[in-house]
Amino acid sequence: MIIGGGSTGLMISYYLLKKGVKSVIAERKYPGSGNTYKCATGIRASFTSREHIALMKRAIELWSELKDELGVFYERSGYLWLLSREEDLRAFKTYVSFQNEHGVPTKVIDLSEVKRLAPTIVTKDLLAAVHDPLAGKASPFDLVLQSWRFLVEKGCKVLMGVEAKKILMSGGKVLGVETSAGFIESRAVVLAAAYDTVKMLKSLNISVPIEPVPKHAFITEAYRDLFKPLIIDWSTSSYVVQTHHGNFLVGSEIPEKPGDKPLSRLEFLRKASKVWTKYFPWMKEAYLLRYWTGYYDTTPDHHPIIGPLDGLEGLYVAAGFSGHGFMMSPSVGEVMADWITEGRPKILEALNLSMSRFREGRLVKEAAVFG
Amino acid sequence: MSDRRIWSHPIISFKRGKRIFFNFEGRLVEAYEGESIIAALYAIGVATFSWSPRFKRPRGAFCMIGKCSSCLSTVNGVPNTRICVELAKEGAFIERQRGPPSMGFEGPLFNNQVEKVEAAVDLLIIGGGPAGLHAALTASVLGIKAALVDEGARLGGQLIKQTHKFFGTRDYYGGARGFEIAEKLSENIEESPNVPVYRNATAYGFFSEGVGVIVRYPKPMNIVFKPRAVIVCTGAMERGLEFENNDLPGVMGAGGAQTLMNRYGVRPGDKALVVGSGNVGLIVSYQLLQAGVKVGAVVEIAHSIGGWFVHAAKVVRLGVPIYLGHSIVRAMGSERVEEAVIQAFDGEMNPIPGTEKQFNVDLVLLAVGLMPDYTILSQAGCVMKWVSELGGLVPVRTMYLETSIPGLYVAGDAAGIEEATTAFIEGEIAAISAAEKLGYANADLLRRREKLLDFLWNEYRQAPVVERARVGKLKAIVSEEEMEEHWRRSIANGLGSPRSPHIFQ
Amino acid sequence: MEFKKLGYLTQKDLEYLGIIPPSERLKKGPVVIVECPEEIPCDICVYACPYGAISKEFIYSIPRVNWDKCNGCGVCVPQCPGLAMFVVDLSKNGVAYVTLPYEFLPEPVKGDVAALLGRDGRELGLGRVVKAWKYCGTWSITVEVPRGIAMDVRAIWIQRK
């Protein structure tokens, strides 16, 4: 049984099915309604930890498969990291060599190359950029709807509007889950419920170091394709990506306290517009369609918590993705399916991402986080 | 070149502005100041205003009031401009769009200096139709420091295109025509010293810093209002209907046709088929005849006429047939509607084979219902409820029209589809309720509100013909105690609505 | 009653609803015919009548006419928002007069020939405009019609370009 019908829960169900295991997903609202449909749609392996890189390199292989298997929109259209400060350029040069060592083909590019990848960009404040040609973007709507349909066709259950209330344990073993639609018996329960994972485990006296940090994004009306890569302005922690329908999706970091209720803030609109109209002056004439808020469910080391829980047989967690849940969902699905069916993931780096790392003080480092 | 302008009309004398010219895809087009771009183009026979992104199907205009996206065009280089609300300007360059338009242009655009303004008011009224105007006039009389913002170039909402005399009571303009009421109320509010009016102004959302309003004309401004109370009177929008080729140019909202012929004096077609026999469908049929447009038929899927008998009698005695138990199944034509096919439907709403009838018309008007324009209420975080009798999602509110966000009120069609008389009354009730919250109320004022509520609920809404709306409105109302309990609970759970106008204090 | 299916009142509806004044009253002179059979929330006619001949119990009640108070002046005809008031004069020999509201072009002129239409839109013959005056955009037109169809003529098209 999987609690949470976002991209993570659906992908766990999908890769379990590939191993011949049928699952039930309990989703409090409707599939995708949590963080998945609110995400920035980007997919990259250009991280600065071995764990992230390993998970994402595998995820990128799987995204290509999902494109064929389920007809999900996915393209390797790249990431472009805009750098305007000397210290950032220095730091990114070390990230790039680390990434190259681990098989991620990023490289520092000059401004003429930036202009080629992002036509019309004003580069006067820029020093250079980092290009990640392996990165790309996908449609969260496709992933949710196609995998959901596939799972149901193959006999898995996706329960909508069913809220998990309490995990029942006996003698250190999972019995099942008490839900708003009654008790569901299961020997293996996966918590893939974003911040609700924390609330669920609290009732078992387990504290999980995940804090929800409010995040903001807006999307414009659709325009003809202009640039392919997801573009990051590193100095302001902002991004813009043109979706495959042609809309420009924009995010930008503004000060927020973890746990605060996300509010609609003009401060966000002002900052995000200022950043991106500086690079793309024509954006002043783009019509804004929607603005929404969501969360990065952030852990102290910005890495997810994936794997079993020590001493609780049959209970697994996949949460705390710190803003990277959608892009990682295929490999996380595979890793979790490995854990459940084989007791050990094939991606060895994933062993470092279990809950116990916080207790044991084995935090993993990640620097390339934005938005 | 065809001329669709109405030069003489039995009711309206069109006051056209100065003659101007603009450039439409290399062709010089004559227009009059104060006219929308689309009206000027329609007048010379243009019917296609965009092409669909994937299949490049021609798309006509539908709503004519900036609520849909079928007329998005490039105006002076700016893509996705709604030319149904953008006024024609001398020398402007207009181009239609084939699928999504290009961005990324460089050049002398973007120098529009938008002034940023912060405005502290006690009361902000969003929408200047019947409800908003009445709320504003009430606020004006009470001396409340308020502001009225409206998307249109002219106040009055949809009153400005209503040429028939209104029913109801003389206290609420019964016997006067809609456009005359709009003119009178606009004049009164324009004179108000304490309620400034912002036209061409879109309230784009509730934010923790205030309510954002963008003013396009005459001087571009981005205003952040910090009101202590807000009344939302955003009205409604027209529904579409599913049938073959329902996107063919010439298929139009009934209200869209009213805007063209009654506001701008442009004939929407030569011969029409009207779908829906509610008051809107019947009234628009009569107005078409007045504008010199033939009406082939009114079709109604139900088995009795939806609107008031007197409206039906007006068109039936002029020879317009009403087909009950029928609906449109197909529109046909290459570039615009040339034919429409209707079919009989049984009690289970299934089409009956062999009952198709064909009409040679160039216009299909959809009068199949309205839905409340609830978007800003939903964005603000109001608790919403689906009430089919009211046309869709509406905010839950008290009898005094306060929503689940303290200090945020709703009135008129945005509170659930009804009609103009009740919108006037609700606007006044909402304004008195806001006045009470703001500390302007006295015993006389509260007695006035009780009197209005008594008239509304115990007289006006008792009429059997408005039963549906009455039932709907009851479904959307909770008691004050229940609402206060909701507020208490929300605050206790930390789920208060911090987007509430209260935080602007 | 079928009027919500037909869109017009049948002879049976007219009788059942008591819309037609008694024949003695019709003989005396012009009198109003109020074809407003549905309970709609509107009381414009009540205040339009200078003689207090029209009453409503509630705002949505069906209007009632006091035939003795009504002198057929026709002030109400162009005021009714539903265009549902008509005046019929059967007091003259040989001819009859129907006064009805009119909101179309061309504007009527005394002497104009008009096509006469029944409640169901059927053409009933020709008549002649004998009087026309305008109130707030709506014309009140009196047409001379053959006696036999005075209770049926409810609309006209003026036959002039």
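Above: the structure in question.
In this text the structure is predicted, and so the values were computed from the model without any measurement. (Residues numbered from 1 in each chain as written. Chains lettered and ligands numbered in written order. Predicted model: local features only at pLDDT ≥ 70, side-chain atom pairs only at ≥ 80, totals over all residues. Heavy atoms only, no water.)

Asker: Mind showing me how you'd approach the overall build of chain B here?
Answerer: What chain B contains, in helices and strands, is 11 helices and 28 strands. For 505 residues, the compact-globule estimate of 2.2 N^0.38 gives 23 Å, and the C-alpha radius of gyration of chain B, at 23 Å, lies within 12% of that figure. For chain B, the spread of C-alpha atoms along the three principal axes comes to 60 × 60 × 45 Å. Across the 505 residues that make up chain B, the buried fraction comes to 61%. Considering only residue pairs separated by 6 or more positions, chain B has 64% of its internal contacts joining residues 24 or more positions apart. Of the accessible surface of chain B, which amounts to about 19,100 Å², a share of 52% is contributed by carbon and sulfur atoms. Between the averaged position of the 54 positive side-chain charges in chain B and that of its 53 negative side-chain charges there is a distance of 3 Å. (Helix = DSSP H or I, 4+ residues; strand = E, 2+ residues; numbered from the N terminus. Rg over C-alpha atoms; globule rule 2.2 N^0.38 Å. Buried < 20%, exposed > 50% of the residue type's maximum accessible area, 1.4 Å probe, protein only. Contact = heavy atoms within 4.5 Å. Areas by Shrake-Rupley, 256 points an atom, 1.4 Å probe, with all protein chains shown as cover. Lys, Arg positive; Asp, Glu negative; His and termini not counted. Charge placed at Lys NZ, Arg CZ, Asp CG, Glu CD.)

Asker: So what exactly am I meant to see when it comes to the overall build of chain C here?
Answerer: When its secondary structure is counted, chain C shows 4 helices and 9 strands. Each helix and strand of chain C, placed in order from N terminus to C terminus, yields the pattern α-α-α-β-α-β-β-β-β-β-β-β-β. Scaling as 2.2 N^0.38, a compact globule of 161 residues should have a C-alpha radius of gyration of about 15 Å, and chain C matches this with 15 Å. The buried share of chain C, taken over its 161 residues, is 56%. When contacts within chain C are restricted to residue pairs at least 6 apart in sequence, long-range pairs at least 24 apart make up 59% of them. For chain C, the computed accessible surface area is about 7,200 Å², with 53% contributed by carbon and sulfur atoms. In chain C, the 20 positive side-chain charges and the 18 negative ones have mean positions that sit 5 Å from each other.

Asker: Which parts of the structure should I look at to understand the interface of chain A and chain B?
Answerer: Frequently, the measure chosen for interface size is the accessible area removed from exposure when the parts meet. Contact with chain A, which involves 22 residues of that partner, is made by 27 residues of chain B. When chain A packs against chain B, close to 2,200 Å² is buried across both sides, 59% of that on carbon and sulfur atoms. It is Arg-224, Leu-266 and Glu-285 of chain A in chain A that bury the most area against chain B; as a group they hold 29% of the surface buried on that side. The interface formed by chain A and chain B includes 1 salt bridge. Residue Arg-82 of chain B is joined to Glu-221 of chain A by a salt bridge in which the shortest nitrogen-to-oxygen separation is 3.3 Å. At the boundary of chain A and chain B, one finds 9 residue pairs in polar contact (both at pLDDT 80 or more). (Buried area = accessible area lost by both parts, 1.4 Å probe. Salt bridge = Lys/Arg side-chain N within 4 Å of Asp/Glu carboxyl O. Polar contact = N/O pair within 3.5 Å; in protein donor to acceptor, adjacent residues only side chain to side chain.)

Asker: Explanation requested: the arrangement of the chains in the structure shown.
Answerer: Highest in contacts among the 2 pairs of chains that touch are chains B and C. Of all C-alpha pairs spanning chain A and chain C, none lies closer than 41 Å, and the two are not in contact.

Asker: In this structure, what is going on with the nonpolar core? I would like to understand it.
Answerer: Across soluble globular proteins, you tend to see nonpolar side chains buried next to one another. Membership of the largest hydrophobic core comes to 167 residues, with the highest contact counts inside it found for Phe-22, Leu-123 and Ile-231 of chain B. The leading source of residues in this core is helix α8 (residues 420–438) of chain B, at 11 residues. Among all residues touching Leu-123 of chain B, those that are not within four sequence positions of it are Ala-139, Ile-144, Lys-145, Ala-146, Ala-147, Pro-227, Ala-229, Val-230, Ile-231, Ala-434 and Leu-438 of chain B. Listed in part, the 75 residues of the second largest apolar core include Ile-2, Leu-62, Tyr-239 and Trp-339 of chain A. (Core = buried A, V, L, I, M, F, W, Y, C linked by side-chain atoms within 4.5 Å.)

Asker: I'm lost on the sheet that holds strand β6 (residues 107–109) of chain A in this one. Help?
Answerer: Each strand in a sheet pairs with another by means of backbone hydrogen bonds, the pair being arranged parallel or else antiparallel. Residues and elements named next belong to chain A. The 8 strands lie next to each other as β6-β7-β5-β15-β16-β17-β14-β18, forming an open sheet whose pairing is mixed. Here the strands that pair on one side only, and so sit at the sheet edges, are β6 and β18 (288–298). On average, each strand axis in the sheet is inclined to that of its neighbour by 25 degrees, with strand direction left out of account. (Pairing = 2+ DSSP bridges. Axes fitted to C-alpha atoms, helices over the stretch in contact; angles between N-to-C directions.)

Asker: How should I be thinking about the interface of chain B and chain C in this particular structure?
Answerer: Between chain B and chain C, the contact holds 40 residues from the first and 43 residues from the second. Across the chain B to chain C interface the summed buried area is about 3,400 Å²; carbon plus sulfur atoms make up 63%. Applying the counting criterion to the chain B and chain C interface returns 1 salt bridge. Across the pair Arg-177 of chain B and Glu-103 of chain C runs a salt bridge, and its minimum N-O distance is 3.1 Å. The interface formed by chain B and chain C holds 18 residue pairs in polar contact (both at pLDDT 80 or more) in total.

Asker: What is the right way to read helix α5 (residues 279–290) of chain B from this model?
Answerer: Since the α-helix advances by 3.6 residues per turn, residues separated by three or four positions end up pointing in the same direction. All names here are of chain B. Over its 12 residues, α5 runs 16 Å from end to end, which matches the ideal 16 Å to within 8%, given 1.5 Å per residue. Burial of α5 is extensive: 10 of the 12 residues sit out of reach of the surface. Within α5, the full set of buried residues consists of Gly-281, Leu-282, Ile-283, Val-284, Ser-285, Tyr-286, Gln-287, Leu-288, Leu-289 and Gln-290. Taken from the residues just after α5, Gly-292 is the one with a positive phi, measuring 85 degrees. (Expected span 1.5 Å × (residues − 1).)

Asker: I tried to follow a negative patch on the surface on my own but got confused; where do I start?
Answerer: Residue and element names in this part refer to chain B. Judged by side-chain charge, Glu-480, Glu-481, Glu-482 and Glu-484 come together as a negatively charged surface patch. The topology assignment puts Glu-480 in helix α11 (residues 480–492). Using a relative accessible area of 37% as the deciding quantity, one classes Glu-480 as partly exposed. (Patch = residues over 30% accessible without salt bridge, like charges linked within 9 Å, V, L, I, M, F, W, Y side chains within 5 Å.)

Asker: Could you clarify how one ought to interpret the packing of aromatic side chains in this entry?
Answerer: Each pair of aromatic rings is reported with the distance of its centres and the angle of its planes. All names here are of chain B. As enumerated under the stated definition, the model contains 37 aromatic pairs over all chains in all. Geometrically, the ring pair formed by Trp-7 and Tyr-32 is edge-to-face, given 6.5 Å between the ring centres and 80 degrees between the ring planes. Taken together, the positions of Trp-7 in the segment before β1 (19–24) and Tyr-32 in strand β2 (residues 27–32) put the pair 25 residues apart, joining distant regions of the chain. Judged by relative accessible area, Tyr-32 falls into the buried class, the value being 12%. (Phe/Tyr/Trp six-rings, centres within 6.5 Å; stacked < 30°, edge-to-face > 60°.)

Asker: Would you mind going over the pattern of salt bridges with me for this structure?
Answerer: In a structure, side chains of opposite charge can pair up when their charged atoms sit close to one another. All names here are of chain A. Taken as a whole and judged by the stated rule, the model has 54 salt bridges over all chains. For the salt bridge of Glu-61 with Arg-58, the shortest nitrogen-to-oxygen distance reads 2.6 Å. Taken together, the residues span about one helical turn, with Glu-61 and Arg-58 both in helix α2 (residues 50–70) at a distance of 3 residues. Note on Glu-61: relative accessible area 45%, which makes it partly exposed. With a relative accessible area of 22%, Arg-58 lands in the partly exposed category. What you see here is one network of salt bridges that share partners, running through Lys-19, Asp-338, Glu-342 and Lys-346.

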